[in-house]
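Residue strings, one per chain:
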Amino acid sequence: VVLLVTPPYFRPEHFRAAIEAKKHVFMEKPVAVDPVGIRSVIASARMAKTLGLNVVTGTQRRHQRDYIATFERIANGAIGKPVAAKAFWNQEHVWFRRRQEGWTDMEYMLRNWNNFTWLSGDHILDTHIHNIDIINWFMEMTPQAAIGYGGRHRRVTGDQYDFFSIDFNYGNGISSHSMCRQIDNCANGVGEIIMGTKGFTNCFNTIYNLDGSIKWQYQYPKDKDGNQMTTVKISPYIQEHIHLVTAIRTNHYVNEGEQTALSNLTAIMGRESAYTGKRITWDEIYNSNLKLGPEDLSMDYVDMSRFVTPIPGTAVRG
């Protein structure tokens with residue numbers, strides 16, 4: 001088994017190498033930072049399938065029993081036909097590194113990878129991808145287009161945005177408002193909501209009637225003292241690895257590579273819409289030749305003028 005947990009820019013190449021070496025893979029999200037990388041991951045995931053190699057990704061909510069139980073009921077019509085959704089991941093700032101004396105351009109970016117888009121994909125991929133993936137999962141489809149905006153006010157390093165607000169159009173009048181923010185001293189929250197013709201759900205553990213009354217709730221297990229727990233007994237961060245090991249040992253095949261790549265591409269579509277100010281369709285982003293990062297990965301000089309914060313409505317893309 002190979003664990004792929006380095007900065008996401010390197011994920012497609014590492015994934016391909018692992019599959020070519022005929023290894024089962026655990027692959028953290030994001031699985032790529034651009035459409036070129038996404039297509040590579042999809043190709044490698046399909047190769048893994050032909051070789052019978054198991055692939056589990058770091059979208060741990062899909063391994064979480066309360067989410068799974070809720071999804072099963074939604075798929076069976078518990079809220080009727082979905083008509084709208086929202087997803088959000090709002091939090092305080094995350095870690096960063098200031099440049100130290102003696103670091104080359106490349107060393108600085110690698111040590112501060114979480115704040116450069118070409119290495120991390122921006123936080124809409126790094127964190128908000130979880131919520132975007134849930135909406136795709138429960139909707140059982142990917143969006144047709146995205147239009148959005150974002151900006152940068154408080155970040156002190158890198159070239160990323162502080163916030164995004166994206167409208168994902170799923171067709172037939174169904175949209176998901178998707179937002180994420182990393183700014184201190186603001187209202188925070190993480191979650192998903194899907195509205196249906198017969199009710200709505202938090203996707204996590206509760207289904208509501210249209211009047212807000214509870215229609216169904218997941219029943220958590222009790223602890224050793226008989227008290228009702230408020231979370232699943234096994235952490236989903238552990239459960240995802242249990243699923244991988246179980247699949248290998250029992251030949252109960254699992255391959256999450258392509259499904260995660262498509263949710264990852266959804267986030268990229270939203271990011272590029274915000275970065276450019278344009279409406280971007282699924283076909284456009286899927287077939288795009290956008291490839292991030294320097295042409296030469298030398299540890300020495302890098303043209304840092306390429307890594308500037310994007311300005312919507314201009315040619316400045318970074």
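Read on for a plain summary of the structure.

**Describing the sheet that holds strand 1 (residues 2-4)**
Part 1 of the reasoning: Across the sheet, three strands lie side by side as 1-2-3; this open sheet has parallel pairing. Only two strands of the sheet have a single partner each, and these edge strands are strand 1 and strand 3 (55-57). Ignoring strand direction, the axes of neighbouring strands in this sheet form an average angle of 15°.
Part 2 of the reasoning: Strand contacts of helix 1 (residues 11-20): strand 1, strand 2 (25-27) and strand 3, with the helix running at about 170° to strand 2, the strand carrying the most contacts.

**Comments concerning the environment of Thr70**
Part 1 of the reasoning: Along the polypeptide, Thr70 turns up in helix 3 (residues 65-75).
Part 2 of the reasoning: The residues contacting Thr70, other than those within four sequence positions of it, are Phe138, Thr201, Cys203, Phe204, Asn205, Thr206, Ile207 and Trp216.
Part 3 of the reasoning: From its side chain, Thr70 meets the backbone oxygen of Phe204 in a polar contact 3.3 Å long.

**Digging into the nonpolar core**
Part 1 of the reasoning: In this structure, Phe15, Met27, Ile38, Phe138 and Phe164 are the most contacted members of the largest nonpolar core, which totals 57 residues.
Part 2 of the reasoning: Among residues more than four places away in sequence, those in contact with Phe164 are Asp122, His123, Ile124, Tyr149, Gly150, Ser178, Met179, Cys180, Arg271, Ala274 and Tyr275.
Part 3 of the reasoning: Of all hydrophobic cores here, the second largest spans 13 residues; its members include Tyr9, Val33, Leu119 and Phe307.

**What about the packing of aromatic side chains?**
Part 1 of the reasoning: The final tally for this structure, using the stated rule, is 14 aromatic pairs.
Part 2 of the reasoning: Each ring, one from Tyr9 and one from Phe10, has its centre 5.1 Å from the other, and the planes form 90°; the classification is edge-to-face. Considered together, Tyr9 and Phe10 belong to a single accessibility category, that of buried residues.
Part 3 of the reasoning: Aromatic pair Phe71 and Phe138: ring centres 5.4 Å apart, planes at 80°, arrangement edge-to-face. On the criterion of sequence distance, the pair formed by Phe71 in helix 3 and Phe138 in helix 7 (residues 129-139) is long-range, its members being 67 residues apart.
Part 4 of the reasoning: On the accessibility criterion, Phe138 (4% relative accessible area) is buried.
Part 5 of the reasoning: Ring pairs connect the aromatic residues Tyr9, Phe10, Trp118 and Phe307, which therefore count as one cluster.

Procedures and definitions
- Residues numbered from 1 in each chain as written.
- Predicted model: local features only at pLDDT ≥ 70, side-chain atom pairs only at ≥ 80, totals over all residues.
- Heavy atoms only, no water.
- Pairing = 2+ DSSP bridges.
- Helix = DSSP H or I, 4+ residues; strand = E, 2+ residues; numbered from the N terminus.
- Axes fitted to C-alpha atoms, helices over the stretch in contact; angles between N-to-C directions.
- Contact = heavy atoms within 4.5 Å.
- Polar contact = N/O pair within 3.5 Å; in protein donor to acceptor, adjacent residues only side chain to side chain.
- Core = buried A, V, L, I, M, F, W, Y, C linked by side-chain atoms within 4.5 Å.
- Buried < 20%, exposed > 50% of the residue type's maximum accessible area, 1.4 Å probe, protein only.
- Phe/Tyr/Trp six-rings, centres within 6.5 Å; stacked < 30°, edge-to-face > 60°.

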